[in-house]
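# Descriptive analysis of the structure
Residue strings, one per chain:
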Amino acid sequence: MRIPPTLASAIALASVPISLDGQADEEWSTDFSRHTVPLDEIVSGGPPKDGIPAIDDPRFVSVSEADRFLEDREPVVLLTIAGAVRAYPLQILIWHEIVNDTVNGTPVAVTYCPLCNTALAFDRRLDGRVLDFGTTGRLRHSDLVMYDRQTESWWQQATGEAIVGELAGRRLDFIPAPLISWKQFKRTYPEAPVLSRDTGYRRDYGRNPYVRYDDRGGSPWPSFFRRQTDARLPAMERVVSVLVDGRAAAYSFEHLADVGVVNDRVADQPLAIFWAPGTASALDDGQIADGRDVGSTNVVLRRVGDRELIFEAVAPGRYRDKETGSEWDLLGRAVAGELRGTRLRAVPHGNHFWFAWVVFQPDTKLVR
């Protein structure tokens, strides 16, 4: 997340917590007397306020046009709201981190923090007011700290919670936003719009400025992450992360790659956690399209009417429920069998690095 102007200078700037006097007072109209976390946990990420510019007027292109700059294995954020579908490629989000958009009448913020691998979407409405988000240039536990332009409250991207300012303690609603391959998206939604590279900014879209950052044997940059890591998994292991009615659970990618699907219950809700190969890491190779295959995931409520389903993986990206023998795809759509045409309800989830999930949800249940 924090590369400009150089990685070295960004890390150097992160060695001290934020200052709340002098320049900071002039830069912000935030009410720093209101906060839900210790202010010394928030550190500079390098760039200043809006130094990483959010996209406020997103433009979209057709699948055929986007296919000229996207490779099959590249990751894209899928957003589906009341039948309206859009794709937000990580090759663009990695340089902007926030897209303020409106989809089928719903104001949304589509966000990505590279240091935590958190691609998360929120409803921008709060108490009848629509908020617009930008980047503070700060981090907490390596995670993007956003701000809303209406009150200049600061928000933790990983949790959707305002942590400093007038709105401290308030939370945004998550919107399901699975991270899938471009190949999966264009095959499933050939007529859907795709976020354009025509952003109004000159960026090297397609290049990964965090080469080898997600090496599983490594650890987060200590200048940005100052906590002990939870030893149950390597710090940089990817997990599918869910929070249902205050209950947290995480599912190791390594385990999911072995089994294809996990059937579980979280807060008494029956969930299916799907994994499929074919999606590149955005944080591995110098070119995102060349990143190693880490796969993609989805989480759905495994219930049709009053009947709960149990899934098994039958092929890469294909699953069968044991109750009817119907076949399903990664996106929770029945593509063959008795339930063909049925779509399971999507559940908001993330593909966090383990350290970035468990620091905010230390009591999480881990399935591995």
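Refer to the preceding data block for the structure.
Okay, the side chain of Asp-284 next. Looking at the element boundaries, Asp-284 is found in the loop between β20 (269-276) and β21 (296-301). Overall, Asp-284 belongs to the buried group, its relative accessible area being 10%. Only 2.8 Å separates the side chain of Asp-284 from the backbone nitrogen of Arg-292, close enough to count as a polar contact. Beyond its immediate stretch of four places on either side in the chain, Asp-284 contacts Asn-208, Val-211, Arg-212, Asp-214, Gly-291 and Arg-292.

What follows concerns the packing of aromatic side chains. In the structure shown here, the tally under the stated rule is 16 aromatic pairs. Centroid distance Trp-182 to Phe-185: 5.9 Å. Interplanar angle 15°. Geometry classified as stacked. With Trp-182 and Phe-185 both in helix α5 (residues 182-188), this residue pair falls three residues apart, about one helical turn. Each of the two residues, Trp-182 as well as Phe-185, counts as buried. Each ring, one from Phe-353 and one from Phe-355, has its centre 6.3 Å from the other, and the planes form 15°; the classification is stacked. In textbook terms, an aromatic cluster arises when at least three aromatic residues are bridged by ring pairs, as seen for Tyr-213, Trp-221, Phe-224, Phe-225, Phe-353 and Phe-355. Here the guanidinium or amino end of Lys-49 rests over the ring plane of Trp-28, the centre of that ring lying 4.4 Å away.

Cut-offs and rules
Residues numbered from 1 in each chain as written. Predicted model: local features only at pLDDT ≥ 70, side-chain atom pairs only at ≥ 80, totals over all residues. Heavy atoms only, no water. Helix = DSSP H or I, 4+ residues; strand = E, 2+ residues; numbered from the N terminus. Buried < 20%, exposed > 50% of the residue type's maximum accessible area, 1.4 Å probe, protein only. Polar contact = N/O pair within 3.5 Å; in protein donor to acceptor, adjacent residues only side chain to side chain. Contact = heavy atoms within 4.5 Å. Phe/Tyr/Trp six-rings, centres within 6.5 Å; stacked < 30°, edge-to-face > 60°. Lys NZ or Arg CZ within 6 Å of the ring centre and 35° of its normal.

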